[in-house]
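Each chain, letter by letter, is given below.
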Amino acid sequence: MKAFSKKRKLTSRAAIFLDRDGTIVHDKPGHYLTNEKLLKLYKCVPEALEILQKMKYLLIILTNQSGIARNYMSLAQSVKINLHLQKKLKALGINIEGIYFCPHSPQDKCSCRKPKLGLAKEVLANHNINLSDSFMIGDKIADVKLGQNLKIKTIFLKTGHGRNQILQYGKKIKADFMAKDILSAAKWIAKQRVER
Ligand SMILES: [Mg+2]
Ligand SMILES: [Zn+2]
C-alpha cells in the first residue's frame, strides 16, 4: 500500500530504496513506532539524503509495518506517521518521492512484506525507474534480500536492528556494502559514481 506517491515522470531515474525504521528513524527491537510524536530521525539523515538527492536519485521509502496487523496501530495512524515523516524531511529540503508500506504480519503470507517484491512492483508501476543504477539501504537481512530480488546493489546498516541482525545471521547477510549508518552509505554510493 502507499501512504503517498508523486506522479510518474517520463524520464527514467535511478532510485534509492530506503527502509524506514532503523535506517531513517530510530528503532529499537520490540518497540513499534505507533505515534508520530515518537518519530526521531538519526542525526546524519539530512546530510545523507541531501547527498543522494544532489545525485538526482529518487528517494523512495519501503517499510514493513506489521504493527498494523498486530493491532498496535490503525492503518490510518500508520499513514499519518508516514506523512509526518515526509513533511519533516520536506522542511529540511529533502523530497521523498513515495512511501510504500506493508501492513501485514509474517503469518499473513502476503506478497508485499519485504523481502517479497510487492512494494517494489507497486513503485515500478508508479515511477519510471532505472534499476541498473539503483540501490537498497536497510538495517535488516530482509532489506538486503529485497534488493537482491530486485537485482540492485544493497547496503546493510549497523543502525537500528543492524547489529542484532549481524549476530543472528552473520555472513548470510550478503550486502554489497556494510555501512555504519545511512551517511556512510550515501558517501559510498557517491564514491561508486565517481569511480565509474
Ligand atoms: Mg528497518
Ligand atoms: Zn504485505
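Residues numbered from 1 in each chain as written. Chains lettered and ligands numbered in written order. Predicted model: local features only at pLDDT ≥ 70, side-chain atom pairs only at ≥ 80, totals over all residues.

Asker: Explanation requested: the overall build of the chain in the structure shown.
Answerer: The helix and strand inventory of the chain stands at seven helices and seven strands. Ordered by position from N to C terminus, the α and β elements of the chain give β-β-α-β-α-α-β-α-β-α-β-α-β-α. Looking at the 196 residues of the chain, the share that counts as buried comes to 41%. Taking contacts inside the chain between residues at least 6 apart in sequence as the whole, the part at least 24 apart equals 67%. (Helix = DSSP H or I, 4+ residues; strand = E, 2+ residues; numbered from the N terminus. Buried ≥ 20, exposed ≤ 12 C-beta atoms within 10 Å, placed from the backbone. Contact = placed C-beta atoms within 7 Å.)

Asker: Hey, could you run me through the sheet that holds strand β6 (residues 153–157) in this one?
Answerer: Strand-to-strand pairing in sheets goes through backbone hydrogen bonds, with the strands running parallel or antiparallel. Ordered by their spatial adjacency, seven strands build an open sheet running β1-β4-β3-β2-β5-β6-β7, and the pairing between neighbours is mixed. Edge strands, defined here as strands with exactly one partner in the open sheet, are β1 (2–5) and β7 (177–179). Pairwise comparison of adjacent strand axes, ignoring direction, gives a mean angle of 20° for this sheet. Where strand β2 (residues 15–18) meets strand β3 (residues 58–64), four bridges bridge the pair, whose relative direction is parallel. Bridge assignment links Ile 16 to a residue of β3, and that residue is Leu 59. Each of β1, β3 and β4 (98–102) touches helix α4 (residues 118–126); the most contacted strand, β4, lies at about 150° to it. (Pairing = 2+ DSSP bridges. Axes fitted to C-alpha atoms, helices over the stretch in contact; angles between N-to-C directions.)

Asker: For this particular structure, what's the right way to read the environment of Val 144?
Answerer: Tracing the backbone through its elements, the reader meets Val 144 in helix α5 (residues 141–150). According to the C-beta neighbour criterion, Val 144 is buried, with 27 such atoms within 10 Å. Setting aside its immediate chain neighbours within four residues, Val 144 contacts Gly 138, Thr 154, Phe 156, Ile 173, Lys 174 and Ala 175.

Asker: Just to check I follow, could you spell out unusual backbone geometry for this structure?
Answerer: The peptide bond linking Lys 114 to Pro 115 adopts the cis configuration, its omega dihedral lying at 15°. With respect to the element layout, Pro 115 can be found in the loop between β4 and α4. Although it is not a glycine, Asn 71 adopts a positive phi angle of roughly 65°. For Asn 71, the position within the fold is in the loop between α2 (66–69) and α3 (75–91). You will see that Lys 151, though not glycine, has its phi angle at about 60°, which is positive. Turning to its location among the elements, Lys 151 is positioned in the loop between α5 and β6.

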